[in-house]
Amino acid sequence: MTAARTLIVNADDFGLTAGVSRGILEAGATGIVTSTTVMVNRPIDPELIARLEASGLGAGLHLNLTLGTPIADPRRVPSLVDGEGRFIRDPREAAARADKDEARIELGNQIDAFRALMGRFPTHLDSHHHVGRHEPILELVFDFARAINVPVRTQDGQVRAAARGLKIRTPDHFIGEADSEPYWSAERVLEHLRTLPAGVTEFMTHPGHFDDDLAYSRYGVQRETELAGLTDPRARELVAREGIRLAHFGSF
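Cut-offs used in this document
Residues numbered from 1 in each chain as written. Predicted model: local features only at pLDDT ≥ 70, side-chain atom pairs only at ≥ 80, totals over all residues. Heavy atoms only, no water. Helix = DSSP H or I, 4+ residues; strand = E, 2+ residues; numbered from the N terminus. Rg over C-alpha atoms; globule rule 2.2 N^0.38 Å. Buried < 20%, exposed > 50% of the residue type's maximum accessible area, 1.4 Å probe, protein only. Contact = heavy atoms within 4.5 Å. Areas by Shrake-Rupley, 256 points an atom, 1.4 Å probe, with all protein chains shown as cover. Lys, Arg positive; Asp, Glu negative; His and termini not counted. Charge placed at Lys NZ, Arg CZ, Asp CG, Glu CD. Phe/Tyr/Trp six-rings, centres within 6.5 Å; stacked < 30°, edge-to-face > 60°. Expected span 1.5 Å × (residues − 1). Pairing = 2+ DSSP bridges. Right-handed = clockwise from strand over helix to strand, strands pointing away. Core = buried A, V, L, I, M, F, W, Y, C linked by side-chain atoms within 4.5 Å.

Peer 1: Let's hear about the overall build of the protein chain: which residues, and what values?
Peer 2: From N to C terminus, the protein chain includes nine helices and seven strands. Relative to the compact-globule value of 18 Å for 252 residues, the protein chain shows a C-alpha radius of gyration of 17 Å, a close match. With the principal axes as the frame, the protein chain shows a C-alpha extent of 55 × 45 × 35 Å. Looking at the protein chain as a whole, 57% of its 252 residues are labelled buried. Within the protein chain, residue pairs in contact and separated by at least 24 positions form 69% of the contacts whose partners lie at least 6 positions apart. By element, 49% of the accessible surface of the protein chain is carried by carbon and sulfur atoms, the whole surface being about 10,900 Å². Distance from the positive charge centre (29 side chains) to the negative charge centre (36 side chains) of the protein chain: 6 Å.

Laid out in structure tokens, this is it:
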């Protein structure tokens, strides 16, 4: 008997732009995406939030300390921002500069903003540009995950072991990248589905429709390739044929 395999396909960056949000919803409706994480420090069209609520996708919080401006008054969190009151884009630098108490204020505000937007706690926590894997932000992510009793993303064995040592739920495996080349091509989606390990795996994905608001990003047009790969009909057929259980962070 083949060992049980559960797959969470999370689309990062809901709310980044309207085109990204629409693409995520499409990837859930016609593809294999099961989950998304919402950026709450940017304005999101209420219609897109309503569509997300009706979609059946799990909705987590994409904790963000590297893009845009804080929800907190920048004067309360000076270690998190530059001279113009904007987050520092490099995640290592952002974490290294962060005062722990100031970061706690901002991350707490983002959780409160998610609850106001969605009417509930997130299904899980992860972070933009993986800033949440660096101290002192990692400790805060764990603190908040324990406080609201939700799982977290863990990109490597060391972080996974630390989470489990604190009794925080997290998948067994993590696969995904967002470099200069599009990661989730149709070929790569099918390859990873065929070789999916036993246990619970997260695919980190970045599907979306490219729009003018995304022109600044080094990972912009690549999202179109990911959208095509994750909605390729062969992917759903392979999931069914392989007996893979699709889930989100609130249901694994």
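Moving on from the model shown.
Peer 1: Tell me what's going on with the packing of aromatic side chains, and back it up with residues and numbers.
Peer 2: Geometry of an aromatic ring pair is reported as the spacing of the ring centres plus the angle between the planes. If you walk through the whole model with that rule in mind, you get three aromatic pairs. Ring geometry for Trp 184 and Phe 203: centres 4.4 Å apart, planes at 25°, overall stacked. A residue pair is termed long-range when its members are at least 10 positions apart, and Trp 184 in the loop between β5 (173-175) and α7 (186-194) and Phe 203 in strand β6 (residues 199-205) qualify at 19 residues. Taking relative accessible area as the criterion, Trp 184 reaches 0% and is therefore assigned buried.

Peer 1: Describe in detail helix α5 (residues 137-148), supporting the description with residues and values.
Peer 2: In this model α5 runs 17 Å from its N-terminal to its C-terminal C-alpha over 12 residues, within 8% of the 16 Å that 1.5 Å per residue would give. Listed in full, the buried residues belonging to α5 are Ile 137, Leu 138, Leu 140, Val 141, Phe 142, Phe 144, Ala 145 and Ile 148. Its buried side turned inward, α5 meets β3 (58-63), α3 (91-97), α4 (100-118), β4 (125-127) and α6 (157-165). Just past α5, the residue Asn 149 takes up positive phi, approximately 60°.

Peer 1: Describe the environment of Gly 85, listing the residues and the values that go with them.
Peer 2: When you line up the elements, Gly 85 lands in the loop between β3 and α3. A relative accessible area of 14% places Gly 85 in the buried class. When the C-alpha atoms of Gly 85 and Pro 74 are compared, they prove to be 5.7 Å apart, with 11 residues separating the residues in sequence. Apart from residues no more than four positions distant in its own chain, Gly 85 is found in contact with Thr 69, Pro 70 and Pro 74.

Peer 1: Can you break down the pairing of strand β2 (residues 35-38) residue by residue, with the values?
Peer 2: Side chains Ser 35 and Thr 37 of β2 all project onto a buried face; the interleaved residues Thr 36 and Val 38 project onto the opposite face, where all are buried too. In this structure, strand β1 (residues 5-14) lies alongside β2, joined through three bridges in parallel fashion. Bridged to Ala 11 within β2 is Thr 36. For the crossover that starts at β1, traverses helix α1 (residues 18-30) and ends in the parallel β2, the hand is right-handed. Looking at chain direction, β2 and β3 are connected through four bridges and run parallel. The residue bridging Ser 35 from the neighbouring strand is Gly 58, located in β3. Note on the crossover from β2 through helix α2 (residues 46-55) to β3: the handedness is right-handed.

Peer 1: Tell me about the environment of Arg 86, and name the residues and values.
Peer 2: In this fold, Arg 86 is placed in the loop between β3 and α3. Setting aside residues up to four positions removed in sequence, Arg 86 forms contacts with Gly 68, Thr 69, Leu 80 and Val 81.

Peer 1: So what's going on with the nonpolar core? Which residues, and what values?
Peer 2: Within the largest apolar cluster, 70 residues are counted, with the highest numbers of intra-cluster contacts made by Phe 14, Leu 125, Ile 137 and Leu 193. When residues in this core are grouped by element, the largest group, eight residues, is from α5.

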